[in-house]
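Survey of secondary and tertiary structure
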Amino acid sequence: MEIGRGCTPVIKVKLSVDTEYITICHAAFAQRGQVVLVKTLESGVSKNGNIVEIALSEDDTLKFDETADVDFQLRVGFNDGGRAKTQVFRLAVGRILEDGVIGDD
């Protein structure tokens, strides 16, 4: 999968558990070993059934450097106090010719 800079992708992660038991969710994006973006249930992460969706904005994807892949990982907390994580996924970053947010012309 590729995340285009300046685009608004929605990343869907299918879990082996129902998301109704998830009370905390952090979707972290890192480049070169440094976390550059974290999305939470309060900031773009939604859950339905066994799917977690992470909606990224133009501003979010413009934080990614096109010269390096992005590592992505989901960490969740359950209502019983348990914690879990996904594996780390590596995503390519697609370049754009014109930098910045394009607005609503």
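To keep things clear, this report deals only with the structure shown in the data block. (Residues numbered from 1 in each chain as written. Predicted model: local features only at pLDDT ≥ 70, side-chain atom pairs only at ≥ 80, totals over all residues. Heavy atoms only, no water.)

Notes on the overall build of the chain
For the chain, the helix and strand inventory stands at one helix and nine strands. Put simply, the chain runs from its N terminus to its C terminus through helices and strands in the order β-β-β-β-β-β-α-β-β-β. For a compact globule of 105 residues, the expected C-alpha radius of gyration is about 13 Å, and the chain comes in at 14 Å, within 12% of that figure. Along the longest, intermediate and shortest principal axes, the C-alpha atoms of the chain span 45 × 35 × 20 Å. Counting all 105 residues of the chain, 37% fall into the buried class. When the accessible surface of the chain is totalled, it reaches about 6,500 Å², and 47% of it is carbon and sulfur. (Helix = DSSP H or I, 4+ residues; strand = E, 2+ residues; numbered from the N terminus. Rg over C-alpha atoms; globule rule 2.2 N^0.38 Å. Buried < 20%, exposed > 50% of the residue type's maximum accessible area, 1.4 Å probe, protein only. Areas by Shrake-Rupley, 256 points an atom, 1.4 Å probe, with all protein chains shown as cover.)

Things to note about unusual backbone geometry
The backbone phi angle of Arg-32 is positive, close to 50°, even though this residue is not glycine. Structurally, the position occupied by Arg-32 is in the loop between strand E3 (22-31) and strand E4 (34-40). Using a relative accessible area of 56% as the deciding quantity, one classes Arg-32 as exposed.

Quick word on the pattern of salt bridges
Throughout the structure, instances matching the rule amount to five salt bridges. Here Arg-5 and Asp-99 are joined by a salt bridge, their closest N and O atoms 3.0 Å apart. Remark: Asp-99 occurs in the segment after strand E9 (89-94) and Arg-5 occurs in the loop between strand E1 (2-4) and strand E2 (10-14); sequence separation between them is 94 residues. (Salt bridge = Lys/Arg side-chain N within 4 Å of Asp/Glu carboxyl O.)

A few points about the packing of aromatic side chains
All chains considered together, the criterion is met by three aromatic pairs. A ring pair is formed by Phe-29 and Phe-64, whose centres lie 5.8 Å apart and whose planes are at 40°; its orientation type is tilted. Taken together, the positions of Phe-29 in strand E3 and Phe-64 in the loop between helix H1 (58-62) and strand E7 (70-78) put the pair 35 residues apart, joining distant regions of the chain. Owing to a relative accessible area of 0%, Phe-29 belongs among the buried residues under this scheme. Note on Phe-64: relative accessible area 1%, which makes it buried. When the centroid spacing of 5.0 Å and the interplanar angle of 35° are considered together, the rings of Phe-29 and Phe-72 count as tilted. With Phe-29 in strand E3 and Phe-72 in strand E7, this residue pair connects regions lying 43 residues apart in the sequence. Accessibility classification places Phe-29 together with Phe-72 in one group, the buried group. (Phe/Tyr/Trp six-rings, centres within 6.5 Å; stacked < 30°, edge-to-face > 60°.)

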